Amino acid sequence: MSQKASIRSTLPYRLRQTLKNFWGMALIFIIIMIILRALELYLVFQNHVLNLTPTDVISGSFLSDIAWSLYLLGIFFTLYVLFSLLSRTLAKVLLQIALTIVVIVQVALIFYFIKTLLPLGKDLFAYNWNDLILTVQASGQLNLISVFGGIVIFSLLLALFHFGTRFFHFSLQTYTIFSAILGIGVFSFITFDLAEEASSTEVEQNIKLNKSQFLAESSFDYWMYGGEYYFDFYLRSGKDDLIVKKEFTSDSYPFLHKAEYPDVLSPYFDSLDQAPDLVFIFLESFGKAYSGRDAYLGSFTPFLDSLEQHSLVWLNALSSTGRTFGLQPGVFGGLPFGAKGFLELYDEFPYHETLLSVLRDNGYEIRYFIGADKNFDHVGDFIDYQQPVQFVDEKLFDPKYPRAPSSGNFSWGYADKELFRNGLEKLPETVTQPQVRIFQTQTSHDPYIVPERPFYSEKLRTHLRDYLNLNPSEFDSYLAYEDIYMTVLYADDAVKEFINEYKKRPEFSNTIFIITGDHRLPEIPMSSRLDRFHVPLIIYSPLLERTDYFKGVTSHYEITPSILAFLEAQVGIQLPEQVTWQGQVLDTTRNFQSRIAMPLMRNKNQLMEYIHGELFLSDGQLFKVSDQLNIDPINSPDDLTQMIGEFEDFKNKNNYMIQTRKLLPPPNLASN
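Everything numeric in this text was worked out from a predicted model, so none of it was measured.

### As for the pattern of salt bridges
Evaluated as defined, the whole model comprises 32 salt bridges. Close ionic contact of Asp65 with Arg37 constitutes a salt bridge, the shortest N to O distance being 2.8 Å. Separated by 28 residues along the polypeptide, Asp65 in helix H2 (residues 54–86) and Arg37 in helix H1 (residues 2–47) bring together distant segments of the chain. With relative accessibility at 3%, the residue Asp65 sits in the buried group. Salt-bridge contacts for Arg520 lead to Asp531; the nearest nitrogen and oxygen are separated by 3.0 Å.

Spelled out as structure tokens, the structure:
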């Protein structure tokens, strides 16, 4: 009897010790998460100029963190108790390690967010290992100091959690109450929806998010549902409210339709007597917010502003993606995204046509110039598929040109002025065939290190004072992003130098320049969910008979159909009878209207937006689009249902293309 009594008497003690170890570490964890949130809010508002105050987000932020912390601790508590049945020491060590890893991940995600104002989600899994390493190197964060610091922090956190098991002393009853509260917290997290209302801005919602929760949930969706495909799409003619009513022709190739696009550009050009050269200038991270007429941050591109006066300009133009990976497929083919962007289908591209391949078949020569590594994002695979006669990336630059300034001994390649200078030197002196020449810049990209820094530092201040007419008291909100704005000014100067040099070439008089940005950069806070896609779009040429500004909503998808229809009408190029362009044609109305329909991909793996007419669907919320691509939330269940249905229809066609690689019938099939 005495032995049984002894066993019974030790059970409360053992239970208390088990709970003491757990809650000693759990309370330290909660305190750390609260401190990290306070630090995050401080650094966000310290490093960014926002149209909100800490009081707008503080309650939602801490509620988000507490809810996620309790949910995590609930999972860890269950596992901890199970392991404690085997070994209390093992359970304690595993919990220490798990909580330490969660804290380190949270710290890393917070610093990523402070830099980009975007939470890291399942787009993390869209990049291959080499691209991830290059991106981290470019940020300057991968070095011996950061690695050593990480080891030190890991060790300190382990020690701190151990300290918690020694510092906190409560009764068994108190620990039991803590555990009951934890259970209620987990139940509440699972049961109640803490999502923000539709009126919250994207930046505000992103700040409130717990960053590790967002990554965990995004990762879960990616691993659990990323490989599921549904093919219940249906074919339908284009909507009457769109510019082009497309006639789809094949169940097996759901994007295939007759190539019947109107010529909207000829009224602005002199009649051509020969095929013109085309020069594309792709500007890295050029958003409409800081370039050209109606730039709400003020324009930092004085040369492009002057060029607009002699051009066709679309004020409400959209990119197809929020990152560079969609640039070439969007501009040259209006191609579907695949799972992670069309470029990621490089291992087995579906047979497809693009502006480049159609013009190649009509006698054009394709030349591509980029200052970075063509293999990043598989740009090289896509351009090589178009069979260029010349493809120059960083490996083929003349040795006399210096590489761009580096961060952490890593550079993306060559700065924009060197890109254009090297490209002009490598162009043939004489050609017998019409040309497509593409120049893709990269200086205005993280880590935003501008050449000639002292010069551009002074130029930025002069620009703020003399060009934007700001008082010195207004400078601070811009100088908070000094590095970024300097690279934009630099890129504008590079384009100016390039255009001026090109004017000296004999082919200039027969050249059409198409200038656009790939996306808006995220580091300067965005005004809306659509702002990231709002880019400049300019067509400049000495062949223009008249110039104009247009407010009709258009996109990268409309460039290829419009140019091909123009060249067919002007010089009689031969076009395929059926195409897969997702776009319409460039809208040349002077008043605001939206007659396009297209999906928009924020980041790789984040297909969350769809626009049709003046309706914009974003992450399940519906908005009304107005001039300057402003958006306002609306409550219209019928419109929401229609938009979700259209978006799902695109996704199903897209998924079918991924699985079958059926986009466009190859010539041998098309002829059968």
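### Some points on the sheet that holds strand S9 (residues 534–535)
Strand order in the open sheet formed by 3 strands is S9-S4-S12, with mixed pairing between adjacent strands. Unpaired on one side and paired on the other, S9 and strand S12 (554–555) mark the two borders of the sheet. As paired strands, strand S4 (residues 317–318) and S12 are joined by 2 bridges and run parallel to one another. Along S12, the bridge assignment pairs Ala317 with Thr554.

### Looking at the packing of aromatic side chains
Considering all chains together, one arrives at 35 aromatic pairs under this definition. Ring geometry for Phe255 versus Phe650: centroids 6.1 Å apart, planes at 65°, classification edge-to-face. Residue Phe255 is found in the loop between helix H8 (211–225) and strand S1 (257–258), and its partner Phe650 is found in helix H18 (residues 637–660); the two are separated by 395 residues along the sequence. The buried category is assigned to Phe255, whose relative accessible area is 7%. Centroid distance Phe280 to Phe332: 5.1 Å. Interplanar angle 80°. Geometry classified as edge-to-face. Here the residue Phe280 occupies a position in strand S2 (residues 277–283), and Phe332 occupies one in helix H10 (residues 327–333), the gap between them amounting to 52 residues. The pair formed by Phe280 and Phe332 is uniform in burial state, with each residue classed as buried.

### With respect to the nonpolar core
Formed by 83 residues in total, the largest nonpolar core has its most connected members in Phe269 and Phe280. Considering each element in turn, this core owes the most residues, 5 residues, to helix H17 (residues 559–571). Among all residues touching Phe280, those that are not within four sequence positions of it are Val331, Phe332, Leu355, Val436, Arg437, Ile438, Phe439, Ile514, Ile559 and Ile563. Val495, Ile499, Phe513 and Tyr549 belong to the second largest nonpolar core, which has 55 residues in total.

Rules used throughout
Residues numbered from 1 in each chain as written. Predicted model: local features only at pLDDT ≥ 70, side-chain atom pairs only at ≥ 80, totals over all residues. Heavy atoms only, no water. Salt bridge = Lys/Arg side-chain N within 4 Å of Asp/Glu carboxyl O. Helix = DSSP H or I, 4+ residues; strand = E, 2+ residues; numbered from the N terminus. Buried < 20%, exposed > 50% of the residue type's maximum accessible area, 1.4 Å probe, protein only. Pairing = 2+ DSSP bridges. Phe/Tyr/Trp six-rings, centres within 6.5 Å; stacked < 30°, edge-to-face > 60°. Core = buried A, V, L, I, M, F, W, Y, C linked by side-chain atoms within 4.5 Å. Contact = heavy atoms within 4.5 Å.

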